[in-house]
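Examination of the molecular architecture
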Amino acid sequence: MKIVKAETILLALPFECGGLPPWGWGGKPANSFDALLVRLETEDGIVGWGEAFSRMEDRALKQMIDDRVLPLVLGRDAREVTRIKHDLEFNLHNFGRVGPVMYGIAGVDIALWDIAGKAARRPLVDLLGGPHADRVEVYASLVRYASEDAVAAAVKRAIGEGYSWIKLHEVSVPVIAAAVEAAGDDARVMLDTNCPWSVEEALDYDRALAGLGLHWLEEPVWPPENYAGLARVRAAGNHAIASGENAGSLFDFVAMHDAGAIDIAQPDVAKTGGVTELVRIANYCHANGLSFSPHCALFGPGQIATIHLTAAERRPPLFERLYLDFETELFGRAAVVVDGHLSVPRGPGLGVDPDPEVVDRYRI
Ligand SMILES: [Mg+2]
């Protein structure tokens, strides 16, 4: 199962979200999300698809993975999934344990698991021990609206479409309160703030939000690796604290837990070492009384891999999907939420490949 071809394909997928153009990502806000695909092909013609986290049409990231990561994969035996991952991490650790290098390694790992499933003619979830669910419950992860009326309307719309769980990306107490009121008894609400506050500010907001019954408070403190600061907010006892989408490996979650920083661990399969690393993090969570609830703002194979990882949990966590409509879906109906749920693909490997016509149309 020698790997004879390894390439990345960068897509920018346009969408409508009805809110603000989400997040600047250090550049001009845009209503499109990248899917940076990693495509591996074996000598016997099996093609595996992975995804590296990417935003803002990141050609530099694509080039780095092409030049530094993929040459180390060519010629390797695709069956050596954890061995390849270890070798990549060991050889490249001087270039960062969180960020672009690890995104590339994650993409390779996901593609190797896809190949493993295709070679075994079994879906990824079966390789992870088999499904505990045929479909996973999705939470509507709303973009930021920064308006009481607009966020309330979005909450009502999501509930009307069948969602029972909603996550906000707001930082204004009146806007958050308006969303919670709009949800009423029809949906539970989580809040993701994306690391805006000092510890003192976060403690103030934590108190101000305490009466709203939020299901969790996500990344309230800057910077994301300020675990001691996060632990101070958690110690106030007002909210369950969720974090981890900016982590690089299992050891970051060990550090978070040792600091008393989190209740809910949120590794991202396309940032944090792929399927292999997420399985390790899930096991660590089980052994240490943490909830495992993967972050997913991915729209390529990383999203599909996260569905499998979710379904493989004895108590499948909620699945995150950003609440927006793509101009065209990369996987057809496979990643379209119906009545607040996504089905677990039953085809071999990830169970669904990117639509080649969509890849051609949105390729950078
Ligand atoms: Mg988040």
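Refer to the structure printed above.
For the structure given in this document, a descriptive report is provided here. (Residues numbered from 1 in each chain as written. Predicted model: local features only at pLDDT ≥ 70, side-chain atom pairs only at ≥ 80, totals over all residues. Heavy atoms only, no water.)

Note on the magnesium ion: its protein donors are Asp 192 (OD), Glu 218 (OE) and Glu 245 (OE). The metal-donor distances range over 2.0 to 2.1 Å. Counting the intervening residues between successive donors of the magnesium ion yields the motif D-x25-E-x26-E. Of the two residues, Glu 218 is situated in strand β7 (residues 217-218) and Glu 245 in the loop between β8 (241-243) and α9 (250-258); the sequence distance between them amounts to 27 residues. Side by side, Glu 218 and Glu 245 carry an identical accessibility label, which is buried. (Donors = N, O, S within 2.8 Å, 3.2 Å for Na, K, Ca; no water. Helix = DSSP H or I, 4+ residues; strand = E, 2+ residues; numbered from the N terminus. Buried < 20%, exposed > 50% of the residue type's maximum accessible area, 1.4 Å probe, protein only.)

What follows is about the pairing of strand β6 (residues 188-192). Counting buried positions over the five residues of β6 gives four, a clear majority of the element. As paired elements, strand β5 (residues 165-168) and β6 share four bridges and run parallel to each other. From the neighbouring strand, Trp 165 faces β6, where its bridge partner is Arg 188. Handedness of the crossover joining β5 and β6 through helix α6 (residues 173-183): right-handed. As paired strands, β6 and β7 are joined by two bridges and run parallel to one another. Counted as the bridge partner of Leu 191 is Leu 217 from β7. (Pairing = 2+ DSSP bridges. Right-handed = clockwise from strand over helix to strand, strands pointing away.)

Turning our attention to the packing of aromatic side chains. By the definition in use, this model includes eight aromatic pairs. On the numbers, 5.9 Å between centres and 75° between planes, the contact of Phe 15 with Phe 326 is edge-to-face. Separated by 311 residues along the polypeptide, Phe 15 in strand β1 (residues 3-16) and Phe 326 in strand β12 (residues 325-326) bring together distant segments of the chain. A network of ring pairs unites the aromatic residues Phe 15, Phe 33, Phe 299 and Phe 326 as a single cluster. The positively charged end of Arg 68 is found above the aromatic ring belonging to Phe 95, 4.4 Å away from the centroid. (Phe/Tyr/Trp six-rings, centres within 6.5 Å; stacked < 30°, edge-to-face > 60°. Lys NZ or Arg CZ within 6 Å of the ring centre and 35° of its normal.)

The next subject is the sheet that holds β1. Remark on secondary structure: sheet strands pair via backbone hydrogen bonds, oriented parallel or antiparallel. Taken in spatial order, the four strands line up as β3-β2-β1-β12 in an open sheet, and their pairing is antiparallel. In the strand order of this sheet, the two ends are held by β3 (47-52) and β12, each with one partner. Direction of pairing for β1 relative to strand β2 (residues 32-42): antiparallel, over a ladder of 11 bridges. Counterpart to Ala 12 in the pairing with β2 is Asp 34. Most of the contacts of helix α1 (residues 59-69) go to β1, to which it runs at about 170°, and overall it touches β1, β2 and β3. (Contact = heavy atoms within 4.5 Å. Axes fitted to C-alpha atoms, helices over the stretch in contact; angles between N-to-C directions.)

Across all of its chains, the model carries one cavity of 30 Å³ or more by this definition. Surrounding the largest cavity, Leu 13, Phe 299, Gln 303, Arg 321, Phe 326, Thr 328, Glu 329 and Leu 330 form its lining. A breakdown of the residues in the lining of the largest cavity according to their chemical character gives four nonpolar, two polar and two charged. (1 Å grid on protein atoms, 1.4 Å probe; cavity = no way out; pocket = protein on both sides within 12 Å on 5 of 7 lines; lining within 4 Å. Points joined across faces, edges and corners; volume = space filled by probe spheres on them. Nonpolar A, V, L, I, M, F, W, Y, C, P; charged D, E, K, R; others polar.)

Bringing the environment of Ala 177 into the picture now. Within the secondary structure, Ala 177 sits in helix α6. Classification of Ala 177 by relative accessible area gives partly exposed; the value is 28%. A C-alpha to C-alpha distance of 10 Å links Ala 177 and Gly 213, two positions 36 residues apart in sequence.

Looking now at the nonpolar core. Core analysis: the largest hydrophobic core is formed by 122 residues, its most contacted members being Leu 40, Val 108, Leu 142, Val 155, Ile 166 and Leu 168. Broken down by element, this core gets its largest block of residues, 10 residues, from helix α3 (residues 100-120). Each residue touching Val 108, except ones within four places of it in the same chain, is listed here: Val 38, Leu 40, Val 69, Leu 70, Val 73, Ile 84 and Leu 88. Listed in part, the seven residues of the second largest apolar core include Trp 165, Met 190, Trp 216 and Ala 242. (Core = buried A, V, L, I, M, F, W, Y, C linked by side-chain atoms within 4.5 Å.)

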